[in-house]
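A structural walkthrough
Okay, here's what each chain looks like letter by letter:
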Amino acid sequence: MTIPYMIKKGKRGKNYSVSDHIFAITVVSFMCLAIISFPFLLFYAVMHLISLTTDVRIHSLGTFSSLKIILTFFITTVVTTGMVDTIFSIILKRSKGMFGFLSEALLMLAFFYLYVLVYSLVSDDIVMTDKGRLYVSFFLFLMYVSIHLVYIGAKRLYELITRHAS
């Protein structure tokens, strides 16, 4: 003996309530916020630590002003680095493997130093000495390399998961 409502439910699938949709949207929103805010918070923390030295000065009136100055520097850095990295990748498309990665990395290190030099000369909010420019450019370079390492690790993890799933 079959119960008719069980057959209907099996054909239609699951019914989700409004609360389920709100919960899913909330979880995805918090995930996106975490993905966006974690790199900036790391960037802010390291820039704040670097600014504690005598080589880098952030001219701010308080925490909010400092946050605004570093956010502007962060957004400008991300946009500029994205464009330059794309250009370098297109130029060095022929050289693959370790040589391509090393040549792109050296070009990006030179770019980061020149970028920090120009930004510190143009900006009145962040003032750096030569050592300070070196600190900030090495930090940006380490962030750049770490993005590539995370990408390689995520790619291998994805391949491992898809291989075992099939």
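To be clear, the structure that these remarks concern was listed above.
Below you will find a few notes about this structure.

Calculation rules
- Residues numbered from 1 in each chain as written.
- Predicted model: local features only at pLDDT ≥ 70, side-chain atom pairs only at ≥ 80, totals over all residues.
- Heavy atoms only, no water.
- Phe/Tyr/Trp six-rings, centres within 6.5 Å; stacked < 30°, edge-to-face > 60°.
- Helix = DSSP H or I, 4+ residues; strand = E, 2+ residues; numbered from the N terminus.
- Buried < 20%, exposed > 50% of the residue type's maximum accessible area, 1.4 Å probe, protein only.
- Polar contact = N/O pair within 3.5 Å; in protein donor to acceptor, adjacent residues only side chain to side chain.

Some details on the packing of aromatic side chains
Summed over the entire model, instances satisfying the criterion amount to eleven aromatic pairs. Between Phe43 and Phe73, the ring centres sit 5.8 Å apart and the planes meet at 35°, which makes this aromatic pair tilted. A residue pair is termed long-range when its members are at least 10 positions apart, and Phe43 in helix H2 (residues 18–51) and Phe73 in helix H3 (residues 63–91) qualify at 30 residues. Note on accessibility: Phe43 and Phe73 belong to one class, buried. Residues Phe43 and Phe74 carry aromatic rings whose centres are separated by 5.1 Å and whose planes lie at 55° to one another, so their mutual orientation is tilted. Here the residue Phe43 occupies a position in helix H2, and Phe74 occupies one in helix H3, the gap between them amounting to 31 residues. Residue Phe43 shares its accessibility class with Phe74, and that shared class is buried.

Describing the environment of Thr72
Within the element layout of this structure, Thr72 appears in helix H3. Owing to a relative accessible area of 42%, Thr72 belongs among the partly exposed residues under this scheme. There is a polar contact of 2.9 Å between the side chain of Thr72 and the backbone oxygen of Lys68.

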